[in-house]
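Chain by chain, the residues:
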Amino acid sequence: MSNYRIRGATGDWEVVIGLEVHAQVVSQSKLFSGASTEFGAEPNSQVSLIDAAMPGMLPVPNAECVRQAVRTGMALNAKINPWSRFDRKNYFYPDLPQGYQISQLYHPIVGEGAVEIDLEGGGSRTIGIERLHLEQDAGKSLHDQHPSASYVDLNRSGVALMEIVSRPDMRSPEEAGAYLRKLRAILRYVGSCDGNMEQGSMRADVNVSVRKPGEALGTRCEIKNVNSVRFVQASIDYEANRQVDVIEGGGRIVQETRLFDPDKVETRSLRSKEEAHDYRYFPDPDLLPLELTDEFLVACRESLPELPDAKRRRYEEVLGLSHYNAAVLTAEVETARWFERLLAATGKPEAEVAKQASNWVTSDLFGALNRLGRTIVDSPVTPEQGAELLRLVADGTLSGTLAKQVFEIMLETGEDPGAIVEARGLKQTSDTGAIEAVIAEVLAANQDKVAEYRSGKDKLFGFFVGQTMKAMAGKGNPQVVNELLKKALG
């Protein structure tokens, strides 16, 4: 468990955190209508009569959204409820034309589950999932389009959301960040949400309270619609310290909804927090309960890919990778796919090439991508090109030094490594005659160093290797160079 504590005037305080994550379901159409869910369309161009709440319009559940919610629940090791029901949550909002949101309060489609997170410095922790339910999103109010009026865009109205509610099991901003990253990774592996927080397809409501260690839970405040892991962590840190200051100053925490201002790095009050009865929930009379068949559930389970934790264990136990490399390579689904394409392209058994390949990806490739400000998705080097480069090193065509030169050219030009080697004459040489001739020149030019070496200064051997490789522009086979130098100096 994290040892994050807030030091106040009256001693240490513990922060208690729960997250409600709203994840937009990957589907072609909305939860109860056939309108498109494509991002970035002209305002109000993707609004059906159902989304606009025209009289007499009846919602029809989207089977794909139901399937994605069930698959996500299974990936979270959660209980799937074969019988669930939609409720109406009544509240006025300018961008919610119906005057209510169709959600699931009493009988959600997914029950209790768990997510395992890795902690900094080693170790792991299990964060409980309370529930996952389906609901429709509201539209969007735009306040910067007109000096004295707000505009409403209903493109998002009716889009399917999965609300994933955690237990209040997190005890530090870092744990909340690790949970959110892991949850995002699972959703992206499953393919049920693209996890794009910048576009709003995944966002978090953050519940924060403080207490003296071991005491009962304090009064919580909810920070709405936080749209990045960094902001989630910053909002928790600010809000926890604010609550401690209020309590130690003689005040009390009021249960309320707050907003996080990323520019000022602070939270501010939005409204008092409503309870469930304030929304006058009741079963939606236009929708029958969802009843899931055994065949449907089996098909959902069989459609799941290998998930990040299982993949990481396989990389460690079967491929023999270090825990660090396995964790890095499985953290994002695109990285794992890239790496597995690389292994397949080598044409050798995975276990035979995995260590060398994983070290190259996590150091050389990731280092280059960071330098270029790119991700694995827009890497200038393909997995197949990476596999060819590794093959050229393995068969002795390239030394490590030459491979780095070839890699830099690949990054710049996108050319295949074999073509670069041929066009630029960068092939490593194992020609003993050519290497012996260069060694003779190096020794002749450094007679004083030769005498020192022969009198016992063994460390000078590295100097001769360096001089020989420099004279051969890095093309000498290091193993052959070492052997012939020992012979010549002996």
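Below or above, wherever it landed, is the structure these notes cover. (Residues numbered from 1 in each chain as written. Predicted model: local features only at pLDDT ≥ 70, side-chain atom pairs only at ≥ 80, totals over all residues. Heavy atoms only, no water.)

**What about the overall build of the protein chain?**
Formally: Labels follow the DSSP assignment, with helices taken as runs of H or I lasting at least four residues and strands as runs of E lasting at least two, numbered in each case from the N terminus. The globule rule used here is 2.2 Å times the number of residues to the 0.38 power, and the radius of gyration it is set against is calculated over C-alpha atoms. The contact definition used throughout considers only heavy atoms, calling two residues in contact when any of these lie within 4.5 Å.
A tally of regular secondary structure across the protein chain gives 15 helices and 16 strands. For 490 residues, the compact-globule formula gives about 23 Å, and the C-alpha radius of gyration of the protein chain, at 30 Å, lies well above that figure. In the protein chain, the proportion of contacts linking residues at least 24 apart, taken out of those at least 6 apart, comes to 68%.

**As for the sheet that holds strand S15 (residues 282-283)**
Selection rule: Here the rule is simple: two strands pair whenever DSSP picks up at least two bridges between them.
Strand order in this open sheet of three strands is S5-S4-S15, and the pairing throughout is antiparallel. Every interior strand has two partners, whereas the edge strands, strand S5 (100-103) and S15, have only one. Of the pairings in the sheet, the one linking strand S4 (residues 87-90) to S15 comprises two bridges and is antiparallel in character. The partner of Arg 88 across the bridge, within S15, is Phe 282.

**Some thoughts on helix H1 (residues 63-75)**
To be explicit about the condition: Here the expected span of a helix is defined as 1.5 Å times the quantity of residues minus one. Burial status follows relative accessibility: with a 1.4 Å probe on protein chains alone, a residue under 20% of its type maximum counts as buried, one over 50% as exposed, and anything between as partly exposed. Any N or O atom pair separated by 3.5 Å or less is treated as a polar contact, with the protein-specific requirement of one donor-capable and one acceptor-capable atom, and with residues adjacent in sequence counted only for side-chain atom pairs.
Taking 1.5 Å as the rise per residue, H1 with 13 residues should run 18 Å; its terminal C-alpha atoms sit 19 Å apart, in good agreement. Where burial is concerned, most of H1 is hidden: 10 out of the 13 residues are buried. All buried positions along H1 are accounted for by Cys 65, Val 66, Gln 68, Ala 69, Val 70, Arg 71, Thr 72, Gly 73, Met 74 and Ala 75. Next to the buried residues of H1 lie strand S7 (124-136), strand S10 (160-166), helix H2 (173-190), strand S16 (290-291) and helix H4 (294-302). One side-chain oxygen of the residue at the start of H1 lies 3.0 Å from the amide nitrogen of Glu 64, identifying that residue as Asn 62.

**Overview of the packing of aromatic side chains**
Rules: We call Phe, Tyr and Trp rings a pair once their centres come within 6.5 Å, taking the six-membered ring for Trp, and we label the pair stacked below 30 degrees between planes, edge-to-face above 60, and tilted otherwise. Distance and angle both matter: a charge sits over a ring if NZ of Lys or CZ of Arg is within 6 Å of the ring centre and within 35 degrees of the ring normal.
Going through the model one piece at a time under the given rule, you end up with 10 aromatic pairs. Measuring from centroid to centroid gives 6.2 Å for Tyr 106 and Tyr 281, while their planes differ by 75°, and the two rings are edge-to-face. In this pair, Tyr 106 is assigned in the loop between S5 and strand S6 (113-118) and Tyr 281 in the loop between strand S14 (266-272) and S15, connecting sequence segments 175 residues apart. We classify Tyr 106 as partly exposed; its relative accessible area is 47%. Take Tyr 281: its relative accessible area is 16%, and that puts it in the buried class. Chaining the aromatic ring pairs together yields one cluster made of Tyr 91, Tyr 93, Tyr 106, Tyr 279 and Tyr 281. The positively charged end of Lys 89 is found above the aromatic ring belonging to Tyr 279, 4.5 Å away from the centroid.

**What to know about unusual backbone geometry**
A positive phi angle, near 60°, is found at Ala 53, a position not held by glycine. When you line up the elements, Ala 53 lands in the loop between strand S2 (11-24) and H1. Note on Ala 53: relative accessible area 29%, which makes it partly exposed. Look at Val 265: it is not a glycine, yet its phi comes out positive at around 50°. By the element assignment, Val 265 lies in the loop between strand S13 (256-261) and S14.

**Structural notes on the side chain of Asn 155**
In this fold, Asn 155 is placed in the loop between strand S9 (151-153) and S10. Among the polar contacts made by the side chain of Asn 155, one reaches the main-chain amide nitrogen of Ser 45 at a distance of 2.9 Å. With near-sequence residues (within four places) excluded, Asn 155 lies in contact with Lys 30, Ala 41, Glu 42, Pro 43, Asn 44, Ser 45, Gln 46 and Val 47.

**Considerations on the pattern of salt bridges**
Spelled out, the test is: A side-chain nitrogen of Lys or Arg and a carboxyl oxygen of Asp or Glu constitute a salt bridge if their distance falls within 4 Å.
Under the defined criterion, the tally for this structure stands at 35 salt bridges. Where Arg 203 meets Asp 137, a salt bridge forms, and the shortest distance between an N and an O atom there is 3.0 Å. Taken together, the positions of Arg 203 in strand S11 (residues 202-211) and Asp 137 in the loop between S7 and strand S8 (140-142) put the pair 66 residues apart, joining distant regions of the chain. Asp 137 gets classed as buried once you look at its relative accessible area, which sits at 6%. We note a salt bridge from Glu 332 to Arg 188, for which the minimum N-O separation is 3.3 Å. Linking Glu 332 in the loop between helix H6 (323-330) and helix H7 (333-346) with Arg 188 in helix H2, this pair joins segments that are 144 residues apart in sequence. Judged by its relative accessible area of 28%, Glu 332 is partly exposed. With a relative accessible area of 16%, Arg 188 lands in the buried category. One network of salt bridges, with partners in common, ties together Asp 118, Lys 182, Asp 309, Arg 312 and Glu 316.

**Re the packing of helix H5 (residues 308-317) against H6**
Selection criterion: Between N-to-C directions, angles cover 0 to 180 degrees, with each direction set by a line fitted to C-alpha atoms, over the stretch in contact for helices. Handedness of a crossing follows from how the near helix is turned relative to the far one, being left-handed for an anticlockwise turn of less than a right angle and right-handed for a clockwise one. Residues are grouped as follows: Ala, Val, Leu, Ile, Met, Phe, Trp, Tyr, Cys and Pro are nonpolar; Asp, Glu, Lys and Arg are charged; all remaining types, including Gly, are polar.
The interhelical angle for the contact between H5 and H6, taken along N-to-C directions, is 145°, at an axis separation of 9 Å. The chirality of how H5 crosses H6 is right-handed. Two secondary-structure elements touch here, H5 through Pro 308, Lys 311, Arg 312, Tyr 315 and Glu 316 and H6 through His 323, Ala 326, Ala 327, Leu 329 and Thr 330. Per-class residue counts for the contact of H5 with H6 are five nonpolar, two polar and three charged.

**A look at the packing of H6 against helix H8 (residues 350-372)**
Two numbers describe how H6 lies on H8: the axes approach to 10 Å, and their chain directions differ by 65°. For the crossing formed where H6 meets H8, the hand is left-handed. Two secondary-structure elements touch here, H6 through Asn 325, Val 328 and Leu 329 and H8 through Ser 358, Asn 359, Val 361, Thr 362 and Phe 366. Of the residues contributing to the contact of H6 with H8, the split by class is four nonpolar, four polar and no charged.

**Considering the nonpolar core**
To keep it simple, the criterion reads: Each nonpolar core is a collection of buried residues, namely Ala, Val, Leu, Ile, Met, Phe, Trp, Tyr and Cys, held together in the definition by side-chain atoms within 4.5 Å.
Membership of the largest hydrophobic core comes to 104 residues, with the highest contact counts inside it found for Ile 109, Tyr 179, Val 206 and Trp 360. Once residues lying within four places of it in the same chain are set aside, the contact partners of Tyr 179 are Leu 19, Val 115, Ile 117, Ile 127, Ile 129, Ile 164, Ser 166 and Met 170. Residues Leu 443, Val 450, Leu 460 and Met 472 belong to the second largest nonpolar core, which totals 18 residues.

**A short note on a nonpolar patch on the surface**
This is how the line gets drawn: Residues form patches when they are more than 30% accessible in relative terms and have no salt bridge. Like charges link within 9 Å. Nonpolar side chains (Val, Leu, Ile, Met, Phe, Trp, Tyr) link within 5 Å. Accessible areas in this description were obtained via Shrake-Rupley with a 1.4 Å probe; residue shielding takes into account the shown protein chains only.
Taken together, Leu 49, Met 54 and Met 57 make up a surface patch of nonpolar side chains, about 270 Å² in accessible area. With respect to the secondary-structure elements, Met 54 resides in the loop between S2 and H1.

**Some points on the environment of Gly 433**
Among the structural elements, Gly 433 can be located in helix H12 (residues 432-445). Spatially, the C-alpha atom of Gly 433 lies 26 Å from that of Glu 452, the residues being 19 residues apart in sequence.

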